[in-house]
Amino acid sequence: MKSIYGLSRDSLEEYFLSIGEKKFKAIQVYEWIYQKNINCFDDMSNVKKIVIDRLKKDFTCDKLNILKIERDKLVNKYLFELSDKERIESVLMRHDYGISICISSQVGCNMTCKFCESGRLKKVRNLEVNEMILQILQVSEDIGERISHVVVMGIGEPFDNFDNIVEFIKTVNDPKGLNIGSRHITISTCGIIPKIIEFSKLPYQVNLAVSLHAPNDEIRNSIMPINKVYSLEKLIPTIRDYINRTNRRVTFEYILLSGINDSKENALELCTLLRGLNCYINLIPYNETNNLQFKRSKKSTILDFYDIIKKEGLNVTIRREFGSKISAACGQLRSKKEDL
Ligand code: SAH
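In this report, we go over the structure that sits alongside the text. Please read all numbers here as calculations on a predicted model, not as lab measurements.

## Some remarks on the overall build of the protein
Now for step 1: Each helix and strand in the protein was counted, giving twelve helices and 14 strands.
Now for step 2: Computed over the C-alpha atoms, the radius of gyration of the protein is 21 Å, within 12% of the 20 Å expected from 2.2 N^0.38 for a compact globule of 340 residues.
Now for step 3: In terms of overall dimensions, the protein has a C-alpha envelope of 70 × 45 × 35 Å along the principal axes.
Now for step 4: Counting all 340 residues of the protein, 56% fall into the buried class.
Now for step 5: Nonlocal contacts in the protein, meaning residues at least 24 apart in sequence, comprise 67% of its contacts between residues at least 6 apart.
Now for step 6: Carbon and sulfur atoms provide 48% of the accessible area of the protein, an area that totals close to 15200 Å².
Now for step 7: Measuring between centres, the 51 positive side-chain charges of the protein sit 2 Å from its 44 negative side-chain charges.

## Some points on the packing of aromatic side chains
Now for step 1: If you walk through the whole model with that rule in mind, you get eleven aromatic pairs.
Now for step 2: Pairing Tyr78 with Phe80 gives two aromatic rings, centres 6.2 Å apart and planes at 15°, and the pair type is stacked. Each member of the pair, Tyr78 as well as Phe80, carries the same accessibility label: buried.
Now for step 3: An angle of 75° between the planes, with centres 6.4 Å apart, marks the rings of Tyr286 and Phe294 as edge-to-face. Both residues of the pair, Tyr286 and Phe294, belong to the buried class.
Now for step 4: When the ring centre of Trp32 is taken as reference, the NZ or CZ atom of Lys36 above it lies at 4.1 Å.
Now for step 5: Between Lys195 and the ring centre of Phe162, over which it is positioned, the NZ or CZ distance is 5.0 Å.

## A closer look at the packing of helix α1 (residues 9-18) against helix α2 (residues 25-35)
Now for step 1: Contact pair α1 / α2: the axes reach a minimum separation of 8 Å and the direction vectors enclose 130°. Between α1 and α2, the crossing angle belongs to the class labelled oblique. Crossing of α1 against α2: the hand is right-handed. Facing α1, whose interface residues are Arg9, Leu12, Glu13 and Phe16, α2 presents Lys25, Ala26, Ile27, Val29 and Tyr30.

## Here's the deal with the state of the cysteines
Now for step 1: With the rule as written, the count across this model stands at zero disulfides.
Now for step 2: Note on Cys40: no disulfide assigned, nearest cysteine sulfur contributed by Cys61 at a separation of 6.4 Å.
Now for step 3: Under the relative-accessibility criterion, Cys40 is labelled partly exposed at 30%.
Now for step 4: Cysteine Cys113 remains unbridged, with the sulfur of Cys190 as its closest cysteine sulfur at 5.6 Å.

Parameters and conventions
Residues numbered from 1 in each chain as written. Predicted model: local features only at pLDDT ≥ 70, side-chain atom pairs only at ≥ 80, totals over all residues. Heavy atoms only, no water. Helix = DSSP H or I, 4+ residues; strand = E, 2+ residues; numbered from the N terminus. Rg over C-alpha atoms; globule rule 2.2 N^0.38 Å. Buried < 20%, exposed > 50% of the residue type's maximum accessible area, 1.4 Å probe, protein only. Contact = heavy atoms within 4.5 Å. Areas by Shrake-Rupley, 256 points an atom, 1.4 Å probe, with all protein chains shown as cover. Lys, Arg positive; Asp, Glu negative; His and termini not counted. Charge placed at Lys NZ, Arg CZ, Asp CG, Glu CD. Phe/Tyr/Trp six-rings, centres within 6.5 Å; stacked < 30°, edge-to-face > 60°. Lys NZ or Arg CZ within 6 Å of the ring centre and 35° of its normal. Axes fitted to C-alpha atoms, helices over the stretch in contact; angles between N-to-C directions. Parallel < 35°, antiparallel > 145°, perpendicular 65-115°, else oblique. Left-handed = near helix turned anticlockwise from the far one by under 90°. Disulfide = S-S within 2.5 Å.

Shown next as structure tokens:
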């Protein structure tokens, strides 16, 4: 049976029309599930019994099973179990500008980036829309606060689950749904070019982040196999077109890996690659994992790398660190649990 949480308002309106009801019922239902956060259809006190019975027949209100929560001052990490017993995770972070959640988009990931835990576990399946929505709703319920920002940067490659991501954005962004402004939603991709192009044609003003992690094809090929299909030579012009078409600034993520992509030459090469693009470079200190050989760059190396980019006049930030204490880096909680 379908989950009520996976439906965009359009689809719910269509559903009500198809069962001979008025379409405003969709708004009522939306208010109950997204603003009032009810647990079952019976709680919808302004909805007729006959409609409730029909909803019960057609949809479930089931939530995800929370297996584990790790809590720290500014960050919580959630391990969820899905109805087929697969596991995913979400990370909640408190910033001075609001509360953000990093959600997963797939069980595992097929992109096999060498430094990433999620890739080690391979993709099992795409997440359904409701499984992405429920990560936000249930974390918000757990902390008793509204979540203001969503980043799709957890386990999985969102553009390998494109249609569901688009449906997901609709409900997250809907004022009657989760009501999170499009500027507060970020989708992160390793660079699947055809989907970036498709995404640029959609009417949503959400942010795009691209996991770059290398200033040239040689290094990128060695750590991100996707680059052999969509090389920088094609990716960068695609991003340029994306920026021109959408008028939006793109973020490039760049993990600093000791001895691999963190030299002064690499920093200069990165500037040459990105100069003239309306973008931010977000330098990410690598979260070391148990299973892989990559090492985090030294603090002084990270600062030198930052200074070079800054001096060259590009926009650059160093990602504030949140999760390493509670292994909140991508895929780590899930893989820890899997090793038990
Ligand atoms: N597949 C998408 C989104 C998920 S990965 C993408 O590639 O963008 C989210 C981000 O976390 C990516 O930039 C990824 O490269 C990065 N990441 C993965 N493992 C990491 C680690 N151990 N430390 C720091 N960042 C990591």
